Amino acid sequence: MKAIIIDDEAKGRSALKNLLTLIDDSVQVMAEASSVAAGVALIDDSEPELVFLDIQMDDGTGFDVLEQIRFKDFQLIFVTAHDEYALRAFRYSAIDYLTKPVDPDLLRDALLKVRENSEKYDLNLKAGSTGPESVESAETRAALPEGDRIGQEGRGRSL
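Everything numeric in this text was worked out from a predicted model, so none of it was measured.

Q: Before we move on, can you summarise the sheet that holds strand β6 (residues 75–80) with the specific residues and values?
A: Read across the open sheet, the 5 strands follow the order β2-β1-β3-β6-β7; overall the sheet is parallel. Either end of the sheet is taken by a strand with one partner, and the two such strands are β2 (28–33) and β7 (96–99). Ignoring strand direction, the axes of neighbouring strands in this sheet form an average angle of 20°. Direction of pairing for strand β3 (residues 50–53) relative to β6: parallel, over a ladder of 4 bridges. In the strand pairing of β6, Leu-50 is matched with Gln-75. Of the strands in this sheet, β1 (2–6), β2, β3 and β6 touch helix α1 (residues 10–23), which is tilted by about 175° from β2.

Given below as structure tokens:
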């Protein structure tokens with residue numbers, strides 16, 4: 001799985017990369033970025049399958065990255081020292097939200113979620129379905145943000 005790490009701290013990028021090597025060698029960190037601007041360019045140029053994204057960086061936030069990118073077909077794991085942004089992070093369909101220092105067991109669990117999500121996506125594609133109908137027909141629902149809450153079946157919007 002092609003992954004990138006966007007974090008302004010070199011030690012944080014290195015620690016995460018080392019943990020990934022120990023936990024799951026199928027996750028290949030293709031590149032790293034240390035700023036919002038570099039992160040936006042890296043995502044748009046490399047089109048990764050998985051992005052590990054810090055929240056607070058010297059030139060902005062991980063949310064700024066997500067607002068500026070063109071390529072959006074990847075899975076997202078936030079890796080940050082700031083736990084107060086968790087709710088906002090999940091509004092961006094984050095697979096997980098890990099706090100630093102990253103617990104290896106929690107990282108392993110997050111990667112399992114990524115794999116399960118990838119398998120569901122692949123099953124929908126193999127069934128020949130495209131667009132929102134495919135998600136509906138697979139009996140999978142995604143919650144989308146509505147105001148200050150996440151929409152659920154029967155309330156808000158769903159795919």
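Q: Describe the nonpolar core, with residues and values.
A: Counting residues in hydrophobic clusters, the biggest one holds 22 residues, and the most contacted among them are Ile-6, Ile-43, Leu-53, Val-65 and Phe-78. Among the secondary structure elements, those contributing two or more residues to this core are β1, α2 (36–46), β3, α3 (62–68) and β6. Among the elements that make up this core, the one with the highest residue count is α2 (4 residues). Those residues in contact with Ile-43 that lie beyond four places of it in its chain are Ile-4, Ile-6, Pro-48, Val-51, Val-65, Ile-69, Phe-71 and Phe-74. Judged by nonpolar contacts, the second largest core, of 18 residues, contains Ala-3, Ile-77, Leu-107 and Val-114.

Q: Please set out the pairing of β2 residue by residue, giving values where relevant.
A: Sheet analysis places β1 next to β2, joined by 5 bridges and oriented parallel. Note that in β2 the partner of Ile-4 across the bridge is Ala-31. For the crossover that starts at β1, traverses α1 and ends in the parallel β2, the hand is right-handed.

Cut-off values and rules
- All residue numbers here refer to positions counted from 1 along the written sequence of the relevant chain.
- Note on the predicted model: pLDDT of at least 70 is required for a residue's local features to be given, and 80 or more for side-chain atom pairs to be given and counted; whole-chain, interface and lining totals, by contrast, use all residues.
- Calculation of side-chain values draws on the structure's entire complement of heavy atoms; hydrogens and water are dropped beforehand.
- Strands are treated as partners if at least two bridges between them are detected by DSSP.
- The numbering of helices and of strands both runs from the N terminus, where a helix is a DSSP run of H or I of at least 4 residues and a strand a run of E of at least 2.
- Axis lines are fitted through C-alpha atoms, for helices just across the contact stretch, and the angle between N-to-C directions can take any value from 0 to 180 degrees.
- Note on definitions: a residue-residue contact is assigned when non-hydrogen atoms from the two residues lie within 4.5 Å.
- Residues belong to one nonpolar core when they are buried, are Ala, Val, Leu, Ile, Met, Phe, Trp, Tyr or Cys, and are joined through side-chain atoms within 4.5 Å.
- Here's how the labels work: a residue is buried when its accessible area is under 20% of the maximum for its type, exposed when over 50%, partly exposed in between, all with a 1.4 Å probe on protein chains only.
- Look down the strands so they point away from you; if going from the first strand over the helix to the second traces a clockwise path, that crossover is right-handed.

On their own, these measurements won't tell you what the molecule is for.
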